[in-house]
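Read off the chains here:
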Amino acid sequence: MRKGARLKTCKRGHLRIPENLTGKRRHCRLCDIARTKVRDSKPEIKAAKKAHNHSPEGRAYQKIHNLKRLGWTVEMWRQTLLEQGNVCASCRGSFTENDKPCADHDHINPPEPRGIIHSSCNKAIGMLRESPEKCRAAAEYLESWGK
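Residues numbered from 1 in each chain as written. Predicted model: local features only at pLDDT ≥ 70, side-chain atom pairs only at ≥ 80, totals over all residues. Heavy atoms only, no water.

Caption draft 1: Representation of unusual backbone geometry. The step from N109 to P110 runs through a cis peptide bond, and the omega angle for that step is 0 degrees. Positive phi is not limited to glycine here, since N86 has a value of about 60 degrees. Position of N86 relative to the elements: it lies in the loop between α4 (74-83) and β3 (101-106). Of the residues examined, N86 reaches a relative accessible area of 46% and is grouped as partly exposed. With a phi close to 55 degrees, R129 is a non-glycine residue in the positive phi region. Assignment of secondary structure puts R129 in the loop between α5 (119-127) and α6 (132-144). By relative accessible area, R129 is classed as exposed at 65%. (Helix = DSSP H or I, 4+ residues; strand = E, 2+ residues; numbered from the N terminus. Buried < 20%, exposed > 50% of the residue type's maximum accessible area, 1.4 Å probe, protein only.)

Caption draft 2: Representation of a nonpolar patch on the surface in the model. Together, Y141, L142 and W145 line one region of the surface with nonpolar side chains, adding up to about 410 Å² of accessible area. Tracing the backbone shows W145 in the segment after α6. (Patch = residues over 30% accessible without salt bridge, like charges linked within 9 Å, V, L, I, M, F, W, Y side chains within 5 Å. Areas by Shrake-Rupley, 256 points an atom, 1.4 Å probe, with all protein chains shown as cover. Salt bridge = Lys/Arg side-chain N within 4 Å of Asp/Glu carboxyl O.)

Caption draft 3: Fine view of the side chain of Q84. Position of Q84 relative to the elements: it lies in the loop between α4 and β3. What makes Q84 buried here is its relative accessible area of 14%. Engagement of the side chain of Q84 in a polar contact is seen with the backbone oxygen of I116, the distance being 2.8 Å. Discounting chain neighbours no more than four positions away, the residues touching Q84 are A89, R92, G115 and I116. (Polar contact = N/O pair within 3.5 Å; in protein donor to acceptor, adjacent residues only side chain to side chain. Contact = heavy atoms within 4.5 Å.)

Structure (C-alpha cells):
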C-alpha cells in the first residue's frame, strides 16, 4: 500500500464510507457502538448510569464516589461532622437545605481531607485561590465598609 492511502475497511472489517465514520479522526461508528456496549455492561458503569438517573441508589453511589475521589470515606465524613458539631468548619454556621455540607480538601495528589464546610464557603475559598492573604484582604475590605 502506498504511503497516505486510506484503507477501505476498519480493523474489524466495517466499510469506511462517510455515513459510517465519526469525529475529527473519522473513527468507525460501528466499532464505537460495539465498544460502548461492552463498556456499559460493566457493573461500575451500570451503577454510574443509575446515578445519572437521579435514583436514590444512584445518589448514594455518587456521594460515596465523590467522597472517595476527594480522599474521604463515609466513616471519616460522619466522624468529622460529629466533631464539628454539625456546623461549617469555616464560618461556624449551620448547614441548611440551600447551603449544604461540602467535603473540603487540599488540592494535592492524592487529595487530603480538611473539614466539612458550606458549599458557598467552599466556592468562596476556591474563588480566592485558597490564599489566606486574599481572604484576609477581602475581610478587611468588607470591614472598611462597615460590614
